[in-house]
Amino acid sequence: MTMVYEEALDRFEPVLGLETHVELGTKSKMFCGCKTTFGAPPNTQVCPTCLAFPGSLPVANTMAIESTIRIGLALNCSIADWCRFARKNYFYPDMPKNYQISQYDEPLCFDGYLDIEVEGQSVRIEIERVHLEEDTGKSTHVGGATGRIHGADYSIVDYNRAGIPLVEIVTKPIPGTDRLAPEVAKAYVTELREIMRSLGVSDVRMEEGSLRCDVNVSLMPRGASEWGTRTETKNVNSLRSVERAVRSEIERQAAVLADGGKIVQETRHFHEDSGTTTSGRSKEEAQDYRYFPEPDLVPIAPEAAWVAELKAALPELPLARRKRLQAEWGVSDLDMQAMHNADAFDLVEATVAAGAPAADARKWWMGELARRANETVTPLADLPITPAQIARVTELVASGALNDKLAREVLEGVLGGEGTPDEVVERRGLRIVNDEGELSAIVDQVLADNADAADKVRSGKIAAAGALVGGVMRASKGKADAGRARQLILEKLGVSE
Ligand SMILES: [Zn+2]
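Counting starts from 1 at the beginning of each chain's written sequence and moves along it residue by residue. Only residues with pLDDT of at least 70 are given local features in this predicted model, and only at 80 or more are side-chain atom pairs given and counted; all residues enter the totals for whole chains, interfaces and linings.

Quick look at the overall build of the protein
Starting at the N terminus, helices and strands are each numbered in turn, a helix being any DSSP run of H or I of at least four residues and a strand any DSSP run of E of at least two. Looking only at helices and strands, the protein features 16 helices and 14 strands. In this setup the radius of gyration rests on C-alpha atoms only. A globule is expected at 2.2 Å times the number of residues raised to 0.38. Taken against the 2.2 N^0.38 rule, which gives 23 Å for 497 residues, the C-alpha radius of gyration of the protein at 31 Å runs more than 25% over that of a compact globule. C-alpha atoms of the protein, sized along the principal axes, occupy 95 × 55 × 50 Å. Contacts in the protein between residues at least 24 apart in sequence constitute 68% of all its contacts with a sequence separation of at least 6. Here the contact rule is simple: place C-beta atoms from the backbone, and any two residues whose C-beta atoms are within 7 Å are in contact.

Structural data, given as structure tokens:
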């Protein structure tokens, strides 16, 4: 039972909340020295500590703490000068200790915000907290149709992931997004992903689970002042799914509420195939976890000087970078969006750095090369051509040695492994004919072969010269300068424009 999205929005106002887990890319785990390589054979990256053997003791990973502080700073958070880890007690087969070391009422970073842009508007997302915890292992349920535990013959568990440092970023409730709620959720996760990338703290691959998102949605009737009951859709694992999960929950909750029903506070599962959610388990309250301070770890007390140093060393963040590049390149919002979608910023920037004018760099990457990337289903950055090579091609065009058509042939040659742009020009003989004698001879031949057209031009029908220029271009295999060829034709036929 669902309500059409537009009607749901006419009657109800959505409030969002997003909890994002980011697996840090540290070389070793959060509390032991085990490796964190993705895809290693099951249970080969484990030790007594991450398997929770009695008597083993955790030691916190400094790099993970540093990365978390950097994330907090990039999200404009305050950094705690003293905080502790806490035990979150629950049983699950993929968690060998039967508790997870997490943070509870003393998060490392808190009270921040992230500004994002949605349909040309700036939206501020308030960040409640950024805390550090450890990941769980991974269960695989074998034999059932759905891959879930229900209907499975047996389950196996891989503890390689158990103990990998995990950062949880929790927003405050996000009211006021209205019809744009699904887009806001997607834009927020997208921006977060880019920030993680620019900080170099995680590879943020949603398909591999190193970025996972839980999406909270509640609805309240228009004009009401009290928020509704929220549901939490777990582990949504693509940007598109974030958007779809919000939309589908709005449509479902609206139908339940309109029918006089109540929303149950629960976790829900998102199904990629249908784009809908189904009920999971009823949501635990914090008290169900019996949190208490982790007695085996010392508190974290980052020195102010260290935090200041990390803050000063933050890289340029994605939004600031986009604004700077847009101003430098002088392009429209729409073109920026297209480059963003094509993942072309780094390539265009590097091509400009190699000496190409921004307009040319953008033209080639977003035109010819984007087309090639599409055809071959290759990410733009993986095409076998470098920004420096594109810059060289634009230089050859600017110097008059190539026209656009020949430049495209040069690119084709480079992409085909024929060598550098200069080598391809040499081998394929692609230089424009700018030897007057050679061009003049071609023009003479074309005039002789097309006497009718030549007569028409002589008698004043200058429009007929186009066909003759076309003949010269064909005869020169596209290497003539069309403007100069036209001048020569008119000169030889004794007419002027
Ligand atoms: Zn270990």
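A word on unusual backbone geometry
Positive phi is not limited to glycine here, since Asn76 has a value of about 60°. Inspection of the secondary structure assignment puts Asn76 in the loop between α2 (62–74) and β2 (78–79). Even without being glycine, Asp178 reaches a positive phi, approximately 55°. Mapped onto the fold, Asp178 is located in the loop between β9 (165–171) and α3 (181–199). Judged by the 10 C-beta atoms lying within 10 Å of it, Asp178 is exposed. Counting other C-beta atoms within 10 Å of its own, a residue is labelled buried from 20 upward, exposed at 12 or fewer, and partly exposed in the gap between, with every C-beta atom placed from the backbone.

Observations regarding the domain arrangement of the protein
A domain assignment, automatic or from a database, supplies the domain bounds used here. Partitioning the protein into domains gives domain 1 (5–311), domain 2 (316–428) and domain 3 (436–492). The straight-line distance from the C-alpha centre of domain 2 to that of domain 3 is 34 Å.

Here we look at the sheet that holds strand β6 (residues 121–134)
The criterion for strand pairing is that DSSP finds at least two bridges linking the strands in question. Spatial strand order, β2-β5-β6-β9-β1-β10-β11-β12-β13: 9 strands in an open sheet with mixed pairing. The strands lining the two open edges of the sheet, one partner per strand, are β2 and β13 (276–282). Here α2 sits on the sheet and contacts β2, β5 (109–118), β6 and β9; the angle it forms with β6, its principal contact strand, is near 165°. To obtain an axis, a line is fitted to C-alpha atoms, over the contacting stretch when the element is a helix, and the angle between two such axes runs from 0 to 180 degrees between their N-to-C directions.

Quick word on the sheet that holds strand β14 (residues 292–293)
Sheet architecture is open: 3 strands sit in the order β4-β3-β14, paired in antiparallel fashion. Among the strands making up the open sheet, the edge pair consists of β4 (99–102) and β14. Inspection of the sheet shows strand β3 (residues 86–89) paired to β14 by 2 bridges, in the antiparallel sense. When the bridges of β14 are listed, Arg87 appears paired with Phe292.

What about α3?
Helix span, as expected, comes to 1.5 Å for every residue beyond the first. In this model α3 runs 27 Å from its N-terminal to its C-terminal C-alpha over 19 residues, within 8% of the 27 Å that 1.5 Å per residue would give. If you check which residues of α3 are buried, you get Ala181, Pro182, Val184, Ala185, Lys186, Ala187, Tyr188, Val189, Leu192, Arg193, Ile195 and Met196.

Here we look at the packing of α3 against helix α4 (residues 239–258)
At a minimum axis distance of 8 Å, the contact between α3 and α4 shows a crossing angle of 150°. The angle between α3 and α4 places the two elements in the roughly antiparallel class. Handedness of the α3/α4 crossing: right-handed. Judged by residue contacts, Ala181, Pro182, Glu183, Ala185, Lys186, Val189 and Thr190 of α3 engage Leu239, Val242, Glu243, Val246, Arg247 and Ile250 from α4. Roughly parallel means an angle under 35 degrees; roughly antiparallel means over 145; roughly perpendicular covers 65 to 115; every other angle is labelled oblique. Crossing handedness: left-handed means the near helix sits turned counterclockwise from the far one by under a right angle, and right-handed means the same turn made clockwise.

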